[in-house]
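Geometric and topological summary
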Amino acid sequence: MRILGIDPGSRITGYGVIDLVQVKPHYVASGCVRTRDEVLEQRLAQIYAGISELIALHRPDVVAVERVFMSKNADSALKLGQARGAAIVCIANHGLPMAEYAPRQIKQAVTGQGGAAKVQVQHMVTAVLRLSATPQEDAADALAAALTYAYSQSGYVSVEAVGSRRKTSSWRQFTP
């Protein structure tokens, strides 16, 4: 099973790809989709296009997406939600099943502590996947989301996904 993890952001969207072979996760790829435009609509289009390229390149079986957390700045939270929405629409248009996890669920699954710091998540992702270098924060968060899905499927942790795990259908199937 190939799992694509996504940590959405309006400027930097992290991604991580792992293979789950029997019950053991194996690193495939990770990185960031960085938007270059100042106009929000163009950034959202770039996020959609970047994730679409990742899906075409890595052909995941399922996608694990980090849910939006509420921040003190409402404008930032709205932009983050829109970036997440662009990613979800891309996933749905590709007909992939998706699971969503709150940041606390991901941290709990990967580090054992729901309030873990980003550096702890990076450390555990590096150790579990036996990486030679520490991934950038957003990529590590995406890999952690993918690991959370893998752990929940393997029975290592009890993590209830927020989203559906059923296959989604493309909106294009319904256009006349």
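Residues numbered from 1 in each chain as written. Predicted model: local features only at pLDDT ≥ 70, side-chain atom pairs only at ≥ 80, totals over all residues. Heavy atoms only, no water.

Looking at an unreviewed UniProt entry, the protein carries the name Crossover junction endodeoxyribonuclease RuvC, with the source organism given as Vreelandella rituensis. As recorded by UniProt, the Catalytic activity (unreviewed entry) comment attached to the protein reads in full: "Endonucleolytic cleavage at a junction such as a reciprocal single-stranded crossover between two homologous DNA duplexes (Holliday junction)." As its UniProt record puts it under Sequence similarities (unreviewed entry), the protein is described as follows: "Belongs to the RuvC family." (UniProt positions renumbered as here; feature names shortened; annotations may be inferred.)

**Some remarks on the UniProt feature "binding site: Mg(2+) 1" (unreviewed entry) in the protein**
Following the UniProt record, the feature "binding site: Mg(2+) 1" (unreviewed entry) maps to D7 and D138 here. Spatially, the listed residues are clustered: although they cover 132 residues, their C-alpha atoms lie within 6.2 Å of one another. By the secondary structure assignment, D7 is in strand β1 (residues 2–7). If near-sequence neighbours (up to four positions away) are discounted, D7 is found in contact with I12, T13, G14, E66, D138, D141 and A142. Position of D138 relative to the elements: it lies in helix α5 (residues 137–154). Judged by its relative accessible area of 16%, D138 is buried. Contacts of D138, omitting those with residues within four sequence positions, involve D7, I12, G14 and C32. (Helix = DSSP H or I, 4+ residues; strand = E, 2+ residues; numbered from the N terminus. Contact = heavy atoms within 4.5 Å. Buried < 20%, exposed > 50% of the residue type's maximum accessible area, 1.4 Å probe, protein only.)

**Considerations on the UniProt feature "active site" (unreviewed entry) in the protein**
Mapped onto this numbering, the UniProt entry gives "active site" (unreviewed entry) at D7, E66 and D138. If we skip the residues at most four places from it in the chain, E66 touches I6, D7, P8, R84, Y101, P103, I106 and D141.

**Details of the sheet that holds β1**
Taken in spatial order, the five strands line up as β3-β2-β1-β4-β5 in an open sheet, and their pairing is mixed. The strands lining the two open edges of the sheet, one partner per strand, are β3 (24–34) and β5 (98–101). In this sheet, adjacent strand axes meet at a mean angle of 20° when their direction is disregarded. The pairing of β1 with strand β4 (residues 62–66) spans four bridges and is classified as parallel. By the bridge assignment for β4, I3 is matched with V62. In the packing of helix α1 (residues 40–58) onto the sheet, the strands contacted are β1, β2 (12–21) and β3, and the crossing angle to β3 comes to about 150°. (Pairing = 2+ DSSP bridges. Axes fitted to C-alpha atoms, helices over the stretch in contact; angles between N-to-C directions.)

**Remarks on the side chain of T35**
With respect to the helices and strands, the residue T35 is situated in the loop between β3 and α1. From its side chain, T35 meets the backbone oxygen of S10 in a polar contact 3.2 Å long. In contact with T35, not counting residues within four places along its chain, are S10, R11, R43, Q46 and I47. (Polar contact = N/O pair within 3.5 Å; in protein donor to acceptor, adjacent residues only side chain to side chain.)

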